[in-house]
Amino acid sequence: MAKIKITLSDKSIQNALEKLAKHKQSLLDNCEQLVSELADMGIEVAQNNVGGFGRYITFEKRIDADKYGCTAIILATETGQIKSQWQTSDGVKTADVSPLLMAEFGSGWRAQPHFDDDRGGQGTFPDQTHAKDPDGWYWRDLEGNLHHSYGITPTMPMYKAYEKIEKNIISKAKEVFKD
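The structure contained in this document is the topic of the report that follows. Source: prediction; values computed, not measured. Note on numbering: residues in each chain are counted from 1, in written sequence order. Thresholds applied to this predicted model are a pLDDT of at least 70 for local features of residues and 80 or more for the giving and counting of side-chain atom pairs; totals over whole chains, interfaces and linings are not thresholded and use all residues. Neither water nor hydrogens contribute to the side-chain values; these are computed over all heavy atoms in the structure.

This brings us to the overall build of the protein. On a plain count of helices and strands, the protein comes out with three helices and eight strands. Working definition: helices are DSSP H or I runs of at least four residues, strands are E runs of at least two. Numbering for both runs from the N terminus. Listed by position from the N terminus, the elements making up the protein come as α-β-β-β-β-α-β-β-β-β-α. Summary of the burial criterion: residues with accessible area below 20% of their type's maximum are buried, those above 50% are exposed, and those between are partly exposed, where the area comes from a 1.4 Å probe applied to protein chains only. By the burial criterion, 32% of the 179 residues in the protein qualify as buried. Looking at the protein alone, contacts between residues at least 24 apart form 50% of all its contacts between residues at least 6 apart. Reported accessibility uses the Shrake-Rupley method at a 1.4 Å probe radius. Residues are deemed covered only where the shown protein chains occlude them. Total accessible area on the protein stands at roughly 12300 Å², and carbon and sulfur atoms take up 51% of it. It only takes one pair of heavy atoms within 4.5 Å for two residues to be counted as in contact.

This part takes up the pattern of salt bridges. Each reported salt bridge corresponds to a side-chain nitrogen of Lys or Arg within 4 Å of a carboxyl oxygen of Asp or Glu. All chains considered together, the criterion is met by five salt bridges. When salt bridges with common partners are traced through the structure, they connect Glu-37, Lys-172 and Glu-175 into a single cluster.

With that settled, the discussion passes to the pairing of strand E2 (residues 69–78). In summary, the side chains of a regular strand alternate between the two faces of the sheet. With 10 bridges connecting them, strand E1 (residues 57–66) and E2 associate as antiparallel partners. Along E2, the bridge assignment pairs Asp-66 with Gly-69. The hairpin formed by E1 and E2 contains two residues between the paired strands. Only strands that DSSP links by at least two bridges are regarded as paired with each other.

Put into structure tokens, the structure is as follows:
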């Protein structure tokens, strides 16, 4: 950080104030650059971890800068729901499935908690009775063919984005604020 030397003259004090204003703007610009680059890093990780749901999920960043600093938010948006249909003895059943929730949390046995605490847990498909069954379950497609499933393994795009940002925030800040 550069030192600002002043004397007790109008011109020197004015020079110091101008240098401080430039330094303040530089800090604000660096804050915006930092959160923007971190958000971009998170979006790249999230996009690489959507599994088979990539065409249903988009990511974007929103940056809100003001005179006190800067905030960045990563948004994940669904482009639509997936309509799931299967045969039962009562006829065809239908459910709308959230691709974003399936990617983040999965469903069934494969969606065992991935945390050491209570932040996440096993996902379940609507009215699913065998989600926690380690042997999985069977379902019939619309043609009547029998299939076995353990559920959907979560790919956790947002959680993995968070982990990447958390791991790199210090090094990225050092890079951006190197002056």
